[in-house]
Amino acid sequence: MPEASDVQRGLEDVVALESRICFIDGRQGRLIYQGYDIRDLAARSTFEEVAYLLWYGRLPSAQQLADLKSRLSELRALPDPLARQIDALPADATPMDILRTAVSALALLEPEETKPGASSIGGAQRLTAVLPTILGHFHRRRAGKPALRPRPELSAAAYLVYALLDREPTELEAKVVDVCLILHADHELNASTFAARVTASTLSDLYSAVTSAIGTLKGPLHGGANERVMELLAEIQSVDRVEEVVKGKLARHERIMGFGHRVYKVEDPRATILREWSRRMGEEEGNLHYYELLRKVEEVVHREKGLYPNVDLYSGSVYSLLGIPPDLFTPIFAASRVAGWTAHVLEEYQDLRLIRPTAKYVGAIDLTYVPVGQRS
Ligand code: CMC
């Protein structure tokens, strides 16, 4: 029987499995995908190449990359029954709920893709290709606009912007979105990836695993934090109010979104990269408002609480400058992390052991059952 001291609340520091996909050095602030440093990948790679790397464990040849890009482009279209289902859902639903429901519904329409095992790579590619289309379809529908046709010639990053905003991004915008997709693509056993692996470890299917993961990413302590960062900035309004608002929140023991991390004890390297892109985007747009507010928030939170920024601090500022509404920030995170979720599910199928931890029972025992009519 486990002792009280054996209970690792939140499974902190519990090593649950072996994986080759992603390594986080929380003390050095390093993030590695399949051996490659995130800083190199963000500077020199593309989301499609990173997805290949996560799925296959190596960088693709030029031909392999071209094949993957054309495969992902082919897989962008929504089946008509799914489009109709999305149209029948409440227009005021959150896009995260739509995404979760749509992936679950897609499993019914594509049962072959959902089978557990090595063949799930087809489903992994399908989900990675189609998530932006689901989001774009719903986003346009709630604005009363007709669906757009998928544009196979666009890169994953450019297609995401096009699907959401009905315009092609500038070169800088396409690069910054690509960087965001690369940075969010995987992060070891974060809560949503763990949820996906738990689901897969029962030999359930890939689409069910991704449905679990989307539901898990949605929470504000995980993917939902980026949206809340922008709410904080809206509340703060100007640099001279940062001290007052942030200190007030800390005094009330409220969490400041976009700060702190279970694994990183220093700055999240993704925050370092995104800070720079937030500044560049702000300069390009002639609008450094978000960047300046965030720099000041960082200063105050670090001074008062010793906390470092995480990936969610700057992503919302970049998306806002692009003109993307806040309730699409976490879904964009999902549209990237789906590459990592599916890579982990594939790995789970290859080395499967049911994930089933145990709990220390702290409830009553040996109570005497009293029939309902005799209870007071
Ligand atoms: N604001 C204020 N205090 C904080 C914060 C924060 N953002 N993060 C941690 N703390 C404090 C917390 O109150 C606690 O203090 P005390 O010991 O005095 O009670 C201490 O730091 C330890 O916190 P914890 O909750 O035990 O740490 P954890 O490892 O369970 O939490 C976390 C990690 C990410 C949930 C947490 O830092 C947090 O809530 N951050 C805000 C939400 C956020 O930005 N989430 C995105 C995470 S990165 C992207 C992703 O994974 O999705």
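Cut-offs applied
- Residues numbered from 1 in each chain as written.
- Predicted model: local features only at pLDDT ≥ 70, side-chain atom pairs only at ≥ 80, totals over all residues.
- Heavy atoms only, no water.
- Salt bridge = Lys/Arg side-chain N within 4 Å of Asp/Glu carboxyl O.
- Helix = DSSP H or I, 4+ residues; strand = E, 2+ residues; numbered from the N terminus.
- Buried < 20%, exposed > 50% of the residue type's maximum accessible area, 1.4 Å probe, protein only.
- Pairing = 2+ DSSP bridges.
- Near = heavy atom within 4 Å.
- Polar contact = N/O pair within 3.5 Å; in protein donor to acceptor, adjacent residues only side chain to side chain.
- Nonpolar A, V, L, I, M, F, W, Y, C, P; charged D, E, K, R; others polar.
- Axes fitted to C-alpha atoms, helices over the stretch in contact; angles between N-to-C directions.
- Left-handed = near helix turned anticlockwise from the far one by under 90°.
- Contact = heavy atoms within 4.5 Å.
- Expected span 1.5 Å × (residues − 1).
- Domains from an automatic or database assignment.
- Buried area = accessible area lost by both parts, 1.4 Å probe.
- Parallel < 35°, antiparallel > 145°, perpendicular 65-115°, else oblique.
- Core = buried A, V, L, I, M, F, W, Y, C linked by side-chain atoms within 4.5 Å.

Caption draft 1: Looking closely at the pattern of salt bridges. Taken as a whole and judged by the stated rule, the model has 29 salt bridges. The shortest N-O distance in the salt bridge between glutamate 243 and lysine 247 comes to 3.2 Å. Residue glutamate 243 and its partner lysine 247 are both found in helix α12 (residues 242-251); the two are separated by 4 residues, about one turn of the helix. Close ionic contact of arginine 252 with glutamate 254 constitutes a salt bridge, the shortest N to O distance being 2.9 Å. A network of salt bridges, in which partner residues are shared, links Glu243, Lys247, Lys296, Glu299, Arg303 and Glu304.

Caption draft 2: Layout of the pairing of strand β1 (residues 22-25). Residue alternation in β1 divides its side chains into a buried set, Cys22 and Ile24, and an unburied set, Phe23 and Asp25. Pairing of β1 with strand β2 (residues 30-33) involves 4 bridges; the strand directions are antiparallel. Looking across to β2, one finds that phenylalanine 23 is bridged to isoleucine 32. A loop of 4 residues connects β1 with β2, the two strands running antiparallel in sequence, and glycine 29 in this loop sits at a positive phi of about 70 degrees.

Caption draft 3: Up close: the sheet that holds β2. With antiparallel pairing, the 3 strands of this open sheet are ordered in space as β1-β2-β3. A single partner strand is all that each edge strand has here, and the edge strands are β1 and β3 (36-37). The pairing of β2 with β3 spans 2 bridges and is classified as antiparallel. Note on β3: the bridge partner recorded for isoleucine 32 is aspartate 37.

Caption draft 4: Representation of the site of the ligand in the model. Around the ligand, a shell composed of 20 residues is seen, among which His222, Arg255, Ile256, Gly258 and Arg262 lie nearest. Between the ligand and the protein, one listed contact pairs an oxygen atom with a backbone N or O atom of glycine 223 at 3.4 Å. Interatomic distance of 2.7 Å between a backbone N/O atom of isoleucine 256 and a nitrogen atom of the ligand. Class assignment of the residues belonging to the shell around the ligand gives a composition of 9 nonpolar, 6 polar and 5 charged.

Caption draft 5: Structural view of the packing of helix α3 (residues 62-74) against helix α6 (residues 120-142). Here α3 crosses α6 at 65 degrees, and the two axes come no closer than 8 Å. Note on packing geometry: the crossing formed by α3 with α6 is right-handed. Facing Leu68, Arg71 and Leu72 of α3, the residues of α6 in contact are Gln125, Thr128 and Ala129.

Caption draft 6: Quick peek at helix α10 (residues 206-217). Between the first and last C-alpha of α10 there are 16 Å, a value that for 12 residues agrees with the 16 Å anticipated at 1.5 Å per step. Those residues of α10 not exposed but buried are Leu206, Tyr207, Ala209, Val210, Thr211, Ala213, Ile214 and Leu217. Those residues of α10 that are buried lie in contact with α5 (95-109), α6, α9 (191-200) and α16 (329-350).

Caption draft 7: Region of interest: the domain arrangement of the protein chain. For the protein chain, the domain assignment lists domain 1 (17-220 + 327-350) and domain 2 (225-322). Look at where the C-alpha atoms of domain 1 and domain 2 centre, and you get two points 25 Å apart. Of the roughly 2,600 Å² buried between domain 1 and domain 2 on both sides combined, carbon and sulfur atoms contribute 71%. Put simply, domain 1 and domain 2 have 0 salt bridges between them. Across the contact surface, domain 1 and domain 2 share 5 residue pairs in polar contact (both at pLDDT 80 or more). Elements with a minimum of two residues in the side of domain 1 that touches domain 2: β1, β2, α1 (38-44), α8 (171-184) and α16.

Caption draft 8: A look at the packing of helix α11 (residues 225-236) against helix α14 (residues 289-305). Contact pair α11 / α14: the axes reach a minimum separation of 11 Å and the direction vectors enclose 95 degrees. By the criterion of interaxial angle, the relationship of α11 to α14 is roughly perpendicular. From α11, Val229, Met230, Leu232, Leu233 and Ile236 reach across to α14, where they touch Tyr290, Leu293, Leu294 and Val297. In terms of residue class, the contact of α11 with α14 is built from 9 nonpolar, no polar and no charged.

Caption draft 9: Region of interest: the nonpolar core. Counting 107 residues, the largest nonpolar core has Tyr33, Ile134, Val246 and Val297 as the members making the most contacts within it. Take this core: its biggest share by element is 12 residues, from α16. Among the domains, domain 1 (17-220 + 327-350) and domain 2 (225-322) are the pair contributing at least three residues each to this core. In this structure valine 297 touches Leu232, Leu233, Ile236, Val242, Val246, Ile256 and Phe259, once residues within four positions along its chain are discounted. Core analysis: the second largest hydrophobic core is formed by 5 residues, Leu154, Ala158, Tyr162 and Ala163 among them.

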